[in-house]
Structures are given as C-alpha cells and as structure tokens.
Amino acid sequence: EAAVTQSPRSKVAVTGGKVTLSCHQTNNHDYMYWYRQDTGHGLRLIHYSYVADSTEKGDIPDGYKASRPSQENFSLILELASLSQTAVYFCASSDWGEYTQYFGPGTRLLVL
Amino acid sequence: GDSVTQTEGQVALSEEDFLTIHCNYSASGYPTLFWYVQYPGEGPQLLFRASRDKEKGSSRGFEATYDKGTTSFHLRKASVQESDSAVYYCALSGITGNTGKLIFGLGTTLQVQP
C-alpha cells in the first residue's frame, strides 16, 4: 500500500509569516507533487518534482517555493503567507511512467 | 490545452438510487483516464483507471467506460449507499511530455441519504 504522510496536519499562521509544509513518502516513487484544494477550484498543482534536488513549477506556483532534498521528502514553503493561501494542501507521489498518484491525508492551513 | 469537465457540482440521492456523474475530457492523443474518490478528512484515492478506448474500469460497484468517440468517462453505480457519500474527481494524465501530471475536474460532491 502506498504511503504518503504530511506534517503538520493542520496549522494556523499569521500573515507575512513563513510556513513550511512537509511531505514524506515510502513508496520509492520518483515523482512528487503539491496541490491545493479550494471550494470551487478542485485540485490545483502548485509544484512538482521528478528527481531529488530539482523542482518544477505547476499551474499556480506564485507565492510558493518547493524543496526536494531527497527522493522521500518534498516540502512546500510559503515565505510570506497571505490570507489567500488559506486552503487544504495535499502531497502526492507517483512512479516514473505510471500516472496513478497516491495522496497524503492533507494539511489544513489557516492564515490569519 | 487538456481539460476535464464534470457537469454536476453536487448530487443528492437516496440509498439504492442509480448514480451517474458525467465526465468529458479534451485532450489530444490517448490520455489515461481516472476516477478518484475523496472521503471527508482524507486525501483523494484512486477508484479506478482506464487507458484504452472501450476499456471499462470498475471498483466497489462503480464503473466507467473509456469512450474516445464522445470523449467521455462517465461514472455509474447501480445502487448507492450512504457510505458512498464523498467527493468524486475525474482526471486525465498529462500527455505532453513525461511529467506524470494529472489534470483534475472540479469534483462532484455526492450526498446519499439513508
């Protein structure tokens, strides 16, 4: 069974503060992804990575950075959190050449 | 660009009703099509997928058939249960380059009353 974990599971942040969301996978997958979920927008891709030490911009990268220090770990960084970044964030992983993505349980972020 | 359209934003049914959630896609070539289900407080999980024209995917009583002619992958279940209440996402694999990206529809919230 695929295993993707996220931490923290929920967080309250202040506007202008720095937020780091972490993701860890034990699937030995090459690809990792960060999505945000908002009512009315479904799942939108923020950043993704297909190899350690390299990240790519997704569809809505503005205001976010990503870091992939190892195959297992992928972080999403909000350098200056804003109210509009309140959302639920999901991490996912997939194997090279295999499109099925396995999702973590999500992190609920509230920016005040 | 590639896209997925789910017609229904919300569906309300009673137990044992028949379910249809419509999914149409726009993509060149032959994308792989997916249905994901998301229960409250959890991440989306794969329900099933299909990769070829006329291929039927199925799981837990749900099914959908890949139809390249009508560019559709409609989700159906003959008799829903209260436990099927969830958000359902149709998705397709990005076919421009081997990025592994998925393109999701906006999701359909299914509420089943006992």
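Asker: Explain the packing of aromatic side chains to me, using residue names and the numbers behind them.
Answerer: Scanning the entire structure with this criterion turns up 18 aromatic pairs over all chains. An angle of 75° between the planes, with centres 6.1 Å apart, marks the rings of Phe103 of chain A and Phe104 of chain B as edge-to-face. A residue pair is termed interchain when its members come from two chains, as with Phe103 of chain A in strand 10 (residues 102-103) and Phe104 of chain B in strand 11 (residues 102-104). Pairwise contacts between aromatic rings join Tyr31, Tyr33, Tyr35, Tyr48, Tyr50, Phe90 and Phe103 of chain A together with Phe34, Tyr36, Tyr89 and Phe104 of chain B into one cluster.

Asker: Can you break down the sheet that holds strand 7 (residues 56-59) of chain B residue by residue, with the values?
Answerer: Pairing between sheet strands relies on hydrogen bonds along the backbone, with the strands arranged either parallel or antiparallel. Residues and elements named next belong to chain B. Pairing in this open sheet of four strands is antiparallel, and the strands run 3-9-8-7 from one edge to the other. In this open sheet, the two edge strands, each paired with only one partner strand, are strand 3 (19-21) and strand 7. Looking at each pair of strands side by side, their axes are set apart by 20° on average, direction ignored. Here three bridges tie strand 3 to strand 9 (residues 75-77), and the two strands are oriented antiparallel to one another. Pairing of Ile21 across the sheet is with Leu75, part of strand 9.

Asker: I'd love a proper account of the interface of chain A and chain B, names of residues and values included.
Answerer: Across the boundary between the two partners, chain A contributes 22 residues, which contact 20 residues of chain B. Three residues stand out in chain A for area buried against chain B, namely Leu43, Tyr99 and Phe103 of chain A, and they jointly supply 35% of the buried area on that side. The interface formed by chain A and chain B contains two salt bridges. Joining chain A to chain B, the criterion identifies five residue pairs in polar contact (both at pLDDT 80 or more). Counting residues per element, the ones that place at least two in the side of chain A that touches chain B are strand 4 (31-38) and strand 5 (42-51) of chain A. Residue composition of the side of chain A that touches chain B, by class: 11 nonpolar, eight polar and three charged.

Asker: Summarise the state of the cysteines; cite the residues concerned and give the values.
Answerer: Residues and elements named next belong to chain A. Taken as a whole and assessed by the stated rule, the structure comprises two disulfides over all chains. With a sulfur-sulfur separation of 1.9 Å, Cys23 is cross-linked through a disulfide to Cys91. Taking the sign of the S-S torsion, about -80° here, the bridge from Cys23 to Cys91 comes out left-handed. Of this pair, Cys23 sits in strand 3 (residues 19-25) while Cys91 sits in strand 9 (residues 87-94); the two residues are 68 residues apart in sequence, bridging distant segments of the chain. Judged by relative accessible area, which is 0%, Cys91 ranks as buried.

Asker: Can you explain the layout of surface pockets? Please cite residues and give values.
Answerer: Rolling a probe over the atoms, with the probe sized like a water molecule, indicates the empty space that remains. A volume near 540 Å³ is recorded for the largest pocket. Gln37 and Thr39 of chain A together with Gln38, Val87 and Tyr89 of chain B are, among the 29 residues lining the largest pocket, the residues nearest its centre. Elements with a contribution of two residues or more to the lining of the largest pocket: strand 4, strand 9 and strand 11 (107-111) of chain A together with strand 10 (86-93) and strand 12 (108-113) of chain B.

Asker: Could you give an account of the pairing of strand 6 (residues 54-57) of chain A, with specific residues and numbers?
Answerer: Residue and element names in this part refer to chain A. Across three bridges, strand 5 lies against strand 6 in antiparallel orientation. Residue pairing in the sheet places His47 in a bridge with Lys57 of strand 6. Counting the residues between successive antiparallel strands, the hairpin from strand 5 to strand 6 contains two residues, one of them, Asp53, with a positive phi of roughly 70°.

Asker: Mind laying out the pairing of strand 4 (residues 23-26) of chain B, listing which residues take part and the relevant values?
Answerer: Residue and element names in this part refer to chain B. What you see with strand 4 is a clean split: Cys23 and Tyr25 sit on the buried side and Asn24 and Ser26 on the side with no burial. By the bridge criterion, four bridges tie strand 1 (residues 3-6) to strand 4 in an arrangement that is antiparallel. What sits directly across from Gln6, in strand 4, is Cys23.

Asker: How would you sum up the sheet that holds strand 1 (residues 4-7) of chain A? Please name residues and give values.
Answerer: Residue and element names in this part refer to chain A. Taken in spatial order, the four strands make up an open sheet running 1-3-8-7, and their pairing is antiparallel. Among the strands making up the open sheet, the edge pair consists of strand 1 and strand 7 (65-67). The sheet shows a mean angle of 20° between the axes of neighbouring strands, direction not considered. Across six bridges, strand 3 lies against strand 8 (residues 73-78) in antiparallel orientation. In the sheet register, Val19 faces strand 8, and the bridge partner there is Leu78.

Asker: For a nonpolar patch on the surface, give the residues involved together with the corresponding values.
Answerer: All names here are of chain A. A grouping of Val12, Leu110 and Leu112 is seen on the molecular surface, where their side chains present a nonpolar patch of about 290 Å² in accessible area. Its location among the elements puts Val12 in strand 2 (residues 10-13). You can call Val12 exposed: its relative accessible area is 55%.

Conventions we followed
- Residues numbered from 1 in each chain as written.
- Chains lettered and ligands numbered in written order.
- Predicted model: local features only at pLDDT ≥ 70, side-chain atom pairs only at ≥ 80, totals over all residues.
- Heavy atoms only, no water.
- Phe/Tyr/Trp six-rings, centres within 6.5 Å; stacked < 30°, edge-to-face > 60°.
- Helix = DSSP H or I, 4+ residues; strand = E, 2+ residues; numbered from the N terminus.
- Pairing = 2+ DSSP bridges.
- Axes fitted to C-alpha atoms, helices over the stretch in contact; angles between N-to-C directions.
- Contact = heavy atoms within 4.5 Å.
- Buried area = accessible area lost by both parts, 1.4 Å probe.
- Salt bridge = Lys/Arg side-chain N within 4 Å of Asp/Glu carboxyl O.
- Polar contact = N/O pair within 3.5 Å; in protein donor to acceptor, adjacent residues only side chain to side chain.
- Nonpolar A, V, L, I, M, F, W, Y, C, P; charged D, E, K, R; others polar.
- Disulfide = S-S within 2.5 Å.
- Buried < 20%, exposed > 50% of the residue type's maximum accessible area, 1.4 Å probe, protein only.
- 1 Å grid on protein atoms, 1.4 Å probe; cavity = no way out; pocket = protein on both sides within 12 Å on 5 of 7 lines; lining within 4 Å.
- Points joined across faces, edges and corners; volume = space filled by probe spheres on them.
- Patch = residues over 30% accessible without salt bridge, like charges linked within 9 Å, V, L, I, M, F, W, Y side chains within 5 Å.
- Areas by Shrake-Rupley, 256 points an atom, 1.4 Å probe, with all protein chains shown as cover.

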